[in-house]
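Coordinate analysis (summary)
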Amino acid sequence: MSSEESRGGVTLTNLDKPLFDGADATKRDLVDYLEFVGDRMVRGLRDRPLSVVRIRPGQEPFMQKNLPKYTPEWVARVTMWAESSRREVTYALCDDVRTLLWFGNQRAIEYHPLLLLTDHTAGPTHLVLDLDPPSGQHFRQAVAAARLIKEALGNDGLAGAVKTSGAKGLHVFVPVEPGIAIEDAAAATRAVAARAERIDPDLATTAFIREDRGGKVFLDSTRSGGATVVAAYSPRVRPGAPVSFPLSWTELDDVVPGDFTIHTAAAQLADRDPWRDEMPAPQALPADLVEEGHTIPIARVQAMHEGKRRARARRAAEDS
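Note that this is a predicted model, so its numbers are computed, not measured.

Parameters and conventions
Residues numbered from 1 in each chain as written. Predicted model: local features only at pLDDT ≥ 70, side-chain atom pairs only at ≥ 80, totals over all residues. Heavy atoms only, no water. 1 Å grid on protein atoms, 1.4 Å probe; cavity = no way out; pocket = protein on both sides within 12 Å on 5 of 7 lines; lining within 4 Å. Points joined across faces, edges and corners; volume = space filled by probe spheres on them. Helix = DSSP H or I, 4+ residues; strand = E, 2+ residues; numbered from the N terminus. Nonpolar A, V, L, I, M, F, W, Y, C, P; charged D, E, K, R; others polar. Buried < 20%, exposed > 50% of the residue type's maximum accessible area, 1.4 Å probe, protein only. Polar contact = N/O pair within 3.5 Å; in protein donor to acceptor, adjacent residues only side chain to side chain. Contact = heavy atoms within 4.5 Å. Domains from an automatic or database assignment. Buried area = accessible area lost by both parts, 1.4 Å probe. Pairing = 2+ DSSP bridges. Axes fitted to C-alpha atoms, helices over the stretch in contact; angles between N-to-C directions. Core = buried A, V, L, I, M, F, W, Y, C linked by side-chain atoms within 4.5 Å. Salt bridge = Lys/Arg side-chain N within 4 Å of Asp/Glu carboxyl O. Arc of directions from axis to C-beta.

1. Describing empty space enclosed by the protein
Under the criterion given, the structure shown has 1 cavity of 30 Å³ or more. Volume-wise, the largest cavity comes out at about 40 Å³. Along its surface, the largest cavity is lined by Leu115, Pro124, His126, Leu127, Ala185, Ala186, Thr189, Arg223, Ser224 and Gly225. Within the residue set of the lining of the largest cavity, elements represented by two or more residues are strand S8 (126–132) and helix H4 (182–199). In terms of residue count, the dominant contributor to the lining of the largest cavity is H4 (3 residues). Across the lining of the largest cavity, the residue classes tally to 5 nonpolar, 4 polar and 1 charged.

The structure is reproduced here in structure tokens:
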């Protein structure tokens, strides 16, 4: 079997090389999978600045935001200010399957689109809750926490869609109407997490500092504004090459993240697009949800100040 061929106008090379250590897959397996889910995956990537995680042979995975100089001219792109790196970055826009296949040939494994569209004035398109079970805990804990989020949303007349993260947790996406301010969407996300925590504080926590979580599932509400979240259907750099897989709420009790890999996901999808089918229509945010969220400190900022306070306390204790 030749290791070089052309698909969709993209020349593909070294297809039969191992994908990465522990993947139990080749680059061909990756490209085959991306071609199969192409239209479905592109729906979630289109018009969103894209970062990818790539793996060059013999090297560690790395996050690529800025497009390399050898990128074909036909790859759509947008240049934006990146606050995290304090510089202008030229991001790809994966607006078609051809671009997705080109990225696959570049050994791009993970696909992390921005929560904002290229037109930032439209505001965030979704609230996102990232549910991260503590080390050593079973996936069932994350499922139970997702149901807390679902209940908290339902209490406010809201609904969301759920997918595996492709690692050990779950993501809940809540589509919102255009025009919501970034700060209001971030506040609403914090409030949803806080309300879910209040339903069962023995199961879930919003504590950003890991040592404060007490073995509970972390309801991460920090994915907002210029943040990225791994796309539905994206593979992950994990043993066995799992993928972030959309589910219905009724399926959660019957699966584990390892059920969905670049080898198995295609057969489970067939011609379905569960991420599109399960996603509610965009919703308005209740005013009381936004108002409560603005009273909740921003987790990263609070954690930074608390970390400094604890460091001062330790130094004082040592000096005494």
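2. Quick word on unusual backbone geometry
Where the residue is not glycine, phi is negative for most of them; where a peptide bond is considered, it is trans in most cases. With a phi angle near 55°, Asp24 is a residue other than glycine that sits in the positive phi range. Counting through the fold element by element, Asp24 comes out in the loop between strand S2 (10–12) and helix H1 (27–45). Positive phi is not limited to glycine here, since Asp47 has a value of about 65°. In this structure, Asp47 sits in the loop between H1 and strand S3 (49–54).

3. Overview of the side chain of Ser165
In this fold, Ser165 is placed in the loop between strand S9 (161–164) and strand S10 (170–175). By relative accessible area, which is 5% here, Ser165 ends up buried. Among the polar contacts listed, one links the side chain of Ser165 to the backbone nitrogen of Ala167, at a separation of 3.0 Å. With residues near it in sequence (within four places) discarded, Ser165 still touches Leu170, His171, Val230, Arg236 and Ser244.

4. Considering the domain arrangement of the protein
Segmentation of the protein into domains returns domain 1 (7–113) and domain 2 (121–319). The centre of domain 1, based on its C-alpha atoms, is set 24 Å off from the matching centre of domain 2. Listed per partner, the contact involves 25 residues of domain 1 and 28 residues of domain 2. For the pair domain 1 and domain 2, the two sides together bury roughly 2,000 Å², of which 61% comes from carbon and sulfur. Together, Tyr33, Arg40 and Glu110 form the three largest contributors to the area buried by domain 1 at its contact with domain 2, with a combined 31%.

5. Some details on the sheet that holds strand S12 (residues 217–220)
Sheet architecture is open: 6 strands sit in the order S11-S12-S8-S10-S9-S13, paired in mixed fashion. For this open sheet the edge positions go to strand S11 (204–205) and strand S13 (246–247), each flanked by a neighbour on one side alone. Bridging between S9 and S10 involves 4 bridges; their strand directions are antiparallel. Note that in S10 the partner of Val162 across the bridge is Val172. In the packing of helix H3 (residues 139–155) onto the sheet, contacts are made with S8, S9, S10, S11 and S12, and the angle to S10 comes to roughly 15°. Strand contacts of H4: S8, S11 and S12, with the helix running at about 40° to S8, the strand carrying the most contacts.

6. Concerning the nonpolar core
Counting 85 residues, the largest nonpolar core has Phe103, Tyr111, Leu131, Ile149, Leu170 and Val172 as its most contacted members. It is H3 that contributes the most residues to this core, 9 residues altogether. Both domains that furnish three or more residues to this core are identified here as domain 1 (7–113) and domain 2 (121–319). With residues near it in sequence (within four places) discarded, Leu131 still touches Ala142, Ala145, Ala146, Ile149, Gly169, Leu170, Val172, Val217, Phe218 and Leu219. The next biggest cluster of nonpolar side chains, apart from the first, holds 8 residues, and it includes Val78, Val89, Tyr91 and Leu116.

7. Things to note about the pattern of salt bridges
For the coordinates displayed, the defined rule picks out 16 salt bridges. When the shortest N-O distance is used, the salt bridge between Asp130 and Arg223 registers 3.0 Å. Placement of Asp130 in strand S8 and of Arg223 in the loop between S12 and S13 is noted, with a sequence separation of 93 residues between them. Residue Asp130 is classed as buried on the basis of its relative accessible area, which comes to 11%. Looking at Arg223, the relative accessible area reads 21%, which means it is partly exposed.

8. Considerations on helix H7 (residues 287–294)
Since the α-helix packs 3.6 residues into each turn, any two residues three or four apart lie on the same face. The set of residues buried in H7 consists of Leu289, Val290, Glu292 and Gly293. Buried residues of H7, viewed axially, fall in a sector of 165°; they line one side. What points out from H7, more than 90 degrees from its buried face, is the exposed set Ala287 and Glu291. In the core, the buried residues of H7 are packed alongside H4.

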